Amino acid sequence: MPGPLIVDLDGVLRLWDPAIIADAEADHGLPAGTLADAVFRDAARLRQAVTGRLTDAQWRRAIADDLARVYGEAARGAVAQWAQPVGTVHVEVLELVRQQRTHRVVAILTRIRG
């Protein structure tokens, strides 16, 4: 039996358009990099979201609350806009995963910064 196939989720199987964050920040008057910093600043909270201890809605609401304290209520609009897209699936990678899982263990992982 062949060894396992390990695939990274974000950036490999699921792709994100970097314009999503940039547009949300620009549309709501936030400095560039604000959303990404807020998302990854609290590694413990991000880990809770990734592992299901927080729902996606709870995680995003906490990010919006943090940003609203600094940037006002416009920050909530930026978070809401950023939250709408869910990324796109890299179809070729998905097909490879489907093909390989018939004869080997396939693991899809993600890394949390911090």
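Computed from a prediction, not measured in an experiment: that's the story for all the values here.

Cut-offs and rules
Residues numbered from 1 in each chain as written. Predicted model: local features only at pLDDT ≥ 70, side-chain atom pairs only at ≥ 80, totals over all residues. Heavy atoms only, no water. Salt bridge = Lys/Arg side-chain N within 4 Å of Asp/Glu carboxyl O. Helix = DSSP H or I, 4+ residues; strand = E, 2+ residues; numbered from the N terminus. Buried < 20%, exposed > 50% of the residue type's maximum accessible area, 1.4 Å probe, protein only. 1 Å grid on protein atoms, 1.4 Å probe; cavity = no way out; pocket = protein on both sides within 12 Å on 5 of 7 lines; lining within 4 Å. Points joined across faces, edges and corners; volume = space filled by probe spheres on them. Nonpolar A, V, L, I, M, F, W, Y, C, P; charged D, E, K, R; others polar.

### A short note on the pattern of salt bridges
- Under the criterion given, the structure shown has seven salt bridges.
- When the shortest N-O distance is used, the salt bridge between Asp-65 and Arg-76 registers 2.7 Å. Note that Asp-65 is positioned in helix α4 (residues 56-71) and Arg-76 in helix α5 (residues 74-83), a separation of 11 residues in sequence.
- Judged by its relative accessible area of 32%, Arg-76 falls in the partly exposed class.

### Side note on the layout of surface pockets
- Taken as a whole, the largest pocket encloses approximately 870 Å³ of empty space.
- In this structure, the largest pocket is lined by 31 residues; those nearest its centre are Asp-10, Arg-14, Trp-16, Val-39 and Phe-40.
- Classifying every residue of the lining of the largest pocket gives 20 nonpolar, three polar and eight charged.

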